[in-house]
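# Architecture at a glance
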Amino acid sequence: MPMNGYYGFYHDNLTRRGRLMIQQALNALQLGSIYALIALGYSMVYGVLRLINFAHGDIFMVGSYIALYFAVKLNLGAPLTVLATMAAAAFLGVLIERIAYRPLRSAPRVSAVITALGVGIFLETFTLAVVGPQPQAFPELLPKIIYKFDGIRTSSTQLTIILLSFVLMVALDQFVQRTRTGMAMRALSWDLHLVSLMGVDIDRIVSITFALGTSLAAVAGIFVGLAYPVIDPYMGIMVGWKAFIAAVVGGIGSVRGAMAGGYILGAIEILAVANLPSTYRDMIAFAILLFILLVKPSGFFGSPVSKKV
Amino acid sequence: MNQPLLQVDGLKLAYGQIIALHEVSFEVAKGEIVTLIGANGAGKSSTLRAVSRLLPPLAGTIVFDGHDLTKLAPHELIGLGIAHVPEGRGIFGNLTVRENLLLATFQRNDWDGINADIERVFSLFPRLRERIEQSSTTLSGGEQQMLAVGRALMMRAKLLLLDEPSMGLAPILVKEIFRIIVELNKQGATVLLVEQNANMALKISQRAYVLENGRIVKTGSAADLRQSPDIRKAYLGDD
Ligand SMILES: Nc1ncnc2c1ncn2[C@@H]1O[C@H](COP(=O)(O)OP(=O)(O)OP(=O)(O)O)[C@@H](O)[C@H]1O
Ligand SMILES: [Mg+2]
């Protein structure tokens, strides 16, 4: 990098662009992490059951409220709040599958999708009835420290979101790739019935899949609460749709696809917001969905063959 | 005959309105190789599916080693030592060869034993060893069949239910598969075999049942059936 004044004009220009890019990358990673965590649940459930669980966005919202309860009412510290919220959300996911989806496992998929929409509306209205419609402030679980390096602004919250999401996703990926339970999850997406011939209890694997998906969505709920920092009973709708788009972009049914799709969507949205009027943001996300469905319905990581990963 | 390992009585099974099995009764003694022969659509696969609990029968009893199988879920059969290699092999194409073998050990935790069994599969089927990390969709039909039998081996099965293991294989591989079935039987596995290739199947089995339109119409020692003119005409390709 040039050190003398002569190149200063260019120097400043370049670093300003560089700074802006790093700043946007951080923001994109934060948003993308949240989409990716939620997209994983859509993708995993679709992988094992061929069900698009449209209640998933609302589970993310409920996760926020559960965390609010644990943090404010029970005064659990940050680590315990996260763990207890994940456990409670996992329980909720398992319960929803048990009550609402399992009886429909061999019914036409349309019936199951309509049931999922119904479960989502139930979760919204139930939350509305319990907490009321007004947005609530989410507590700062961690001491919020703002870092500024050379004009780049980030915070302990943002870095925590990015790093913890990454750790959770690597852990999930390893679980799915290396353990026999993970193999069974993948095998289920190939052929639901044959898996039982391997001695695998299909119901248990489906429950584990729901537990993993909903607990990650609840972590995303905590992250949104920390980053924005208000939550409301309808927050799951738009974020849920976006995460669903991320899952489709990555190739629904694929774990790594959902992660990539989340980051891709996060990046596109941040770029759109930076360069276009902010009202374009959602429109762009949906335009991407339509475009992907047209040109590459199986997404970037999905396999084009009939039996999906 | 000593106390049968598997005893099926009055089995009746339907797909919706279509009755696939009207009345199927047979037994398999410990250590035997028994073949079910029958034309396409006779109900051979349906019989195996009923035994391995993939389909609930309308009537009938299935008793294995003193256990009433109709009370169990499909995944509980492995614990009793029953392995079903289904029609079309049932390989998980999105898993590698190693993962297919490991998945079959889902209920085991004896890792020394598991690793030893993987070695045993590879010594029986050296071609699989070279393809261990390969996605199993890339395997040839013969290799997939080897993998399917290998998986059954990983389950340490006492009773193997094999549905047309020779289907779609070149003659040399058919021989190889039958050789291995005999080998597994010598090592202690009881085998219930379903085959289109009735000639080969009757050669390696002790007894056989003939299935027609969901009913057992004939039974006897494999040697006798091979001599029977009806059987020769219908299933062994005699004119
Ligand atoms: N999934 C199904 N749905 C409806 N009918 C079925 C189904 N599977 C089998 N059947 C019917 O049940 C009967 C028995 O079929 P099964 O598959 O048991 O025959 P098979 O003896 O194994 O024949 P193949 O030699 O062709 O494999 C047939 O009439 C078949 O059409
Ligand atoms: Mg058949």
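Structure report, in brief.

Thresholds, definitions, all that
- Residues numbered from 1 in each chain as written.
- Chains lettered and ligands numbered in written order.
- Predicted model: local features only at pLDDT ≥ 70, side-chain atom pairs only at ≥ 80, totals over all residues.
- Heavy atoms only, no water.
- Helix = DSSP H or I, 4+ residues; strand = E, 2+ residues; numbered from the N terminus.
- Rg over C-alpha atoms; globule rule 2.2 N^0.38 Å.
- Buried < 20%, exposed > 50% of the residue type's maximum accessible area, 1.4 Å probe, protein only.
- Contact = heavy atoms within 4.5 Å.
- Areas by Shrake-Rupley, 256 points an atom, 1.4 Å probe, with all protein chains shown as cover.
- Donors = N, O, S within 2.8 Å, 3.2 Å for Na, K, Ca; no water.
- Pairing = 2+ DSSP bridges.
- Core = buried A, V, L, I, M, F, W, Y, C linked by side-chain atoms within 4.5 Å.
- Near = heavy atom within 4 Å.
- Polar contact = N/O pair within 3.5 Å; in protein donor to acceptor, adjacent residues only side chain to side chain.
- Buried area = accessible area lost by both parts, 1.4 Å probe.
- Salt bridge = Lys/Arg side-chain N within 4 Å of Asp/Glu carboxyl O.
- Nonpolar A, V, L, I, M, F, W, Y, C, P; charged D, E, K, R; others polar.
- Patch = residues over 30% accessible without salt bridge, like charges linked within 9 Å, V, L, I, M, F, W, Y side chains within 5 Å.
- Phe/Tyr/Trp six-rings, centres within 6.5 Å; stacked < 30°, edge-to-face > 60°.

### Looking at the overall build of chain B
Along chain B, the regular secondary structure elements total 10 helices and 10 strands. Since a compact globule built from 239 residues should have a radius of gyration of about 18 Å, the 17 Å found for chain B is in line with a globular shape. The buried share of chain B, taken over its 239 residues, is 55%. Restricting the contact set of chain B to residue pairs at least 6 apart, pairs at least 24 apart contribute 67%. Approximately 10,200 Å² of chain B is accessible, and the part contributed by carbon and sulfur atoms is 50%.

### Some words on the coordination of the magnesium ion (ligand 2)
Residue and element names in this part refer to chain B. Within the protein, the atoms that donate to the magnesium ion (ligand 2) are Ser45 (OG) and Glu87 (OE), at distances of 1.9 to 2.5 Å. Of this pair, serine 45 sits in helix α1 (residues 44–51) while glutamate 87 sits in the loop between β6 (82–85) and α3 (97–103), placing them 42 residues apart in sequence. Accessibility expressed as a relative area gives 35% for glutamate 87, which makes it partly exposed.

### As for the pairing of strand β3 (residues 152–155) of chain A
Residues and elements named next belong to chain A. Relative to β3, strand β2 (residues 146–149) runs antiparallel, the two being bridged by 4 bridges. Across the sheet, residue phenylalanine 149 finds its bridge partner in β3, namely isoleucine 152. From the end of β2 to the start of β3, which pair antiparallel, there are 2 residues, and aspartate 150 there has a positive phi angle of about 50°.

### Let's talk about the nonpolar core
In terms of nonpolar packing, the biggest core is built from 138 residues, with Tyr101 of chain A together with Phe92, Leu103, Leu160 and Ile181 of chain B touching the most fellow members. Of all the elements, helix α1 (residues 8–49) of chain A adds the most residues to this core, at 15 residues. Apart from residues lying up to four places away in sequence, tyrosine 101 of chain A is in contact with Leu51, Asn53, Ala55, Ile96, Ala112, Thr115, Ala116, Val119 and Phe210 of chain A. Among the nonpolar cores identified, the runner-up in size contains 29 residues, and Leu6, Phe26, Ala42 and Val51 of chain B belong to it.

### Some remarks on the site of ligand 1
Residue and element names in this part refer to chain B. The immediate surroundings of ligand 1 are formed by 15 residues, with Gly41, Lys44, Ser45, Ser46 and Glu87 found nearest. Within the backbone of alanine 42, one N or O atom sits 3.3 Å away from an oxygen atom of ligand 1. Within the backbone of glycine 43, a nitrogen or oxygen atom sits 2.9 Å from an oxygen atom of ligand 1. Among the elements of the structure, β2 (18–29) and α1 are those that each provide at least two residues to the shell around ligand 1. For the shell around ligand 1, the element with the highest residue contribution is α1, accounting for 4 residues.

### Comments concerning the interface of chain B and chain A
At the junction of the two partners, chain B supplies 27 residues and chain A supplies 23 residues. Both sides of the chain B and chain A interface together cover about 2,100 Å² of buried area, and 69% of this is carbon and sulfur. On the chain B side of the interface with chain A, the three residues burying the most area are Phe92, Asn94 and Phe106 of chain B, jointly 34% of the side's total. Viewed at the interface, chain A and chain B are joined by 1 salt bridge. A salt bridge links arginine 186 of chain A to glutamate 99 of chain B, with the nearest nitrogen and oxygen atoms 3.0 Å apart. On the surface where chain B and chain A come into contact, there are 8 residue pairs in polar contact (both at pLDDT 80 or more). Mapped onto the side of chain B that touches chain A, the elements with two or more residues apiece are α3 and α4 (111–124) of chain B. Tallying contributions element by element places α3 of chain B first for the side of chain B that touches chain A, with 3 residues. Tallied by class, residues from the side of chain B that touches chain A come to 14 nonpolar, 10 polar and 3 charged.

### Topic: a nonpolar patch on the surface
On the surface, a nonpolar cluster with roughly 360 Å² of combined accessible area is contributed by Tyr234, Ile237, Met238 and Trp241 of chain A. Within the secondary structure layout, isoleucine 237 of chain A lies in helix α8 (residues 235–250).

### Side note on the side chain of serine 156 of chain A
Residues and elements named next belong to chain A. Along the polypeptide, serine 156 turns up in helix α5 (residues 156–178). Residue class for serine 156 comes out buried when judged on its relative accessible area of 10%. Here serine 156 is in contact with Pro143, Lys144, Ile145 and Tyr147, once residues within four sequence places are set aside.

### Describing the pattern of salt bridges
Pairs can form between side chains of opposite charge whenever their charged atoms are close. Residue and element names in this part refer to chain B. A complete count under the given rule lists 23 salt bridges over all chains for this structure. A salt bridge links glutamate 87 to arginine 49; the nearest nitrogen and oxygen atoms lie 3.5 Å apart. With a gap of 38 residues between them, glutamate 87 in the loop between β6 and α3 and arginine 49 in helix α1 connect regions that are remote in the sequence. Note that glutamate 119 and arginine 129 form a salt bridge whose closest N and O atoms lie 3.3 Å from each other. Linking glutamate 119 in helix α4 with arginine 129 in helix α5 (residues 126–130), this pair joins segments that are 10 residues apart in sequence. Assessed through its relative accessible area of 41%, glutamate 119 is described here as partly exposed.

### Let's talk about the packing of aromatic side chains
Residues and elements named next belong to chain A. Applying the stated criterion across every chain yields a total of 9 aromatic pairs over all chains. Between tyrosine 147 and phenylalanine 149 the ring centres are 6.4 Å apart and the planes differ by 5°, which places this aromatic pair in the stacked class. The rings of Tyr42, Phe54, Trp241 and Phe244 are connected pair by pair, giving a single aromatic cluster.

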